Amino acid sequence: MSTFGNTGSVASYAYNRVQSIPSSVSGTPMIQFAEIAVYELENWTGASIGTTTIDSKYSSYLINRCVAMTLANMHGVGVHFNWQLGAFNVSKGNATNTETMQVDAALKACEQELQSLGRP
């Protein structure tokens, strides 16, 4: 077993893949996203992965999942609203915005990783 690191490492790699992460999302929230990703993966695989010494075969899924959660949190992906005040209007959450496409790409990578890891 070659080890990758811990959930802090996962968060660090994810941080390097996303531009302009606000301080309210970086740090502890991203580490928590990484921990949640570990728990999801443990539930999927039935393996005991842990948060301190993570096998490198899980790194790609964990990083992509952390990226997806970070972007979704940053940009309110999944939040849809449209409102107007006179000539001023705001539309949020259309399916073609860049953030949604980035989250979708990360989640598709996660799906591929889950398929390659398999289930018991």
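Up top is the structure these notes are about.
Residues numbered from 1 in each chain as written. Predicted model: local features only at pLDDT ≥ 70, side-chain atom pairs only at ≥ 80, totals over all residues. Heavy atoms only, no water.

## Here's the deal with the packing of aromatic side chains
Counted only if it meets this: Ring pairs are drawn from Phe, Tyr and Trp, using the six-membered ring of Trp, whenever the two centres fall within 6.5 Å, and their geometry is named by plane angle: stacked under 30 degrees, edge-to-face over 60, tilted for the rest. Exposure is judged per residue with a 1.4 Å probe applied to protein chains only, and the accessible area is read against the type maximum: over 50% gives exposed, under 20% gives buried, and values in between give partly exposed. As a reminder, the over-ring test applies to NZ of lysine and CZ of arginine, requiring each to be within 6 Å of the ring centre and within 35 degrees of the ring normal.
In this structure the tally under the stated criterion is one aromatic pair. Seen from their ring centres, Phe 4 and Tyr 13 are 5.2 Å apart, and the 50° between their planes marks the pair as tilted. According to the relative accessible area criterion, Tyr 13 is partly exposed, its value standing at 47%. Over the ring of Trp 44 we find Arg 119; its NZ or CZ atom is 4.1 Å from the centre of that ring.

## Details of the environment of Thr 7
We count it as follows: Helix numbering and strand numbering both begin at the N terminus, where a helix is a DSSP run of H or I of at least 4 residues and a strand a DSSP run of E of at least 2. For this analysis, residues touch if any pair of their heavy atoms sits within 4.5 Å.
Relative to the helices and strands, Thr 7 is located in helix α1 (residues 7-17). Among the residues examined, Thr 7 registers a relative accessible area of 5% and is labelled buried. Residues Thr 7 and Ile 31, spaced 24 residues apart in sequence, show a C-alpha to C-alpha distance of 5.9 Å. Residues contacting Thr 7, with those up to four places away along its chain left out, are Ile 31, Ala 34, Glu 35, Val 38, Thr 51 and Ile 54.

## Quick look at the side chain of Asn 64
Using the following cut-off: In the analysis that follows, any N or O atom pair within 3.5 Å is treated as a polar contact, provided that within protein one partner can donate a hydrogen and the other can accept it, and provided that, for residues neighboring in sequence, both atoms belong to side chains.
Position of Asn 64 relative to the elements: it lies in helix α3 (residues 59-75). Within the local environment of Asn 64, its side chain forms a polar contact with the side chain of Arg 17, the two groups lying 2.9 Å apart.

## Some words on helix α4 (residues 98-117)
Quick reminder of the rule: Take the number of residues in a helix, subtract one, and multiply by 1.5 Å to get its expected span.
Helix length check: α4, at 20 residues, gives a terminal C-alpha distance of 29 Å against a target of 28 Å (1.5 Å per residue), a fit within 8%. In this structure, the buried side of α4 is in contact with α2 (28-45) and α3. Of the residues one or two after α4, Gly 118 is the one with positive phi, at around 75°.

## Some words on the state of the cysteines
Using the following cut-off: Disulfides are defined in this document as cysteine sulfur pairs within 2.5 Å.
The tally for this structure, following the rule as stated, stands at zero disulfides. Left unpaired, Cys 66 is separated from the closest cysteine sulfur, that of Cys 110, by 9.9 Å. Overall, the relative accessible area of 0% leaves Cys 66 in the buried class. Looking at Cys 110, the relative accessible area reads 4%, which means it is buried.

## Digging into the packing of α1 against α2
This is how it is decided: For every element, the axis is a line fit to its C-alpha atoms; helices are fit only across the contacting stretch, and the angle between N-to-C directions ranges from 0 to 180 degrees. The scheme is simple: roughly parallel for angles under 35 degrees, roughly antiparallel for over 145, roughly perpendicular for 65 to 115, oblique for anything else. Two helices that cross are described as forming a left-handed crossing if the nearer one is turned anticlockwise from the farther one by less than a right angle, and a right-handed crossing if clockwise. Under the scheme applied here, ten amino acids are nonpolar (Ala, Val, Leu, Ile, Met, Phe, Trp, Tyr, Cys and Pro), four are charged (Asp, Glu, Lys and Arg), and all others, including Gly, are polar.
Following both chains from N to C, one finds α1 and α2 inclined at 115°, their axes separated by 8 Å at the closest point. In terms of their interaxial angle, α1 and α2 are classed as roughly perpendicular. Of the two possible hands of crossing, α1 and α2 adopt the one that is right-handed. Within the contact between the two elements, α1 uses Thr 7, Gly 8, Val 10, Ala 11, Ala 14 and Tyr 15 and α2 uses Met 30, Ile 31, Ala 34, Glu 35 and Val 38. A class-by-class count of the residues in the contact of α1 with α2 yields eight nonpolar, two polar and one charged.

## A look at α3
For α3, spanning 17 residues, the distance from its first C-alpha to its last is 24 Å, which sits close to the expected 24 Å at 1.5 Å a residue. Of all 17 residues in α3, 13 are buried; the element is thus mostly enclosed.

## Digging into the nonpolar core
This is how the line gets drawn: Buried residues of nine kinds, namely Ala, Val, Leu, Ile, Met, Phe, Trp, Tyr and Cys, make up a nonpolar core once their side-chain atoms join them within 4.5 Å.
Val 10, Met 30, Leu 41, Ile 54, Leu 62, Cys 66 and Val 67 are the most contacted members of the largest nonpolar core, which has 29 residues in total. Broken down by secondary-structure element, the contributors of at least two residues to this core are α1, α2, α3 and α4. Counting residues per element, this core draws most heavily on α3, which supplies nine residues.

Scope: geometric values only; no functional claims are made or implied.
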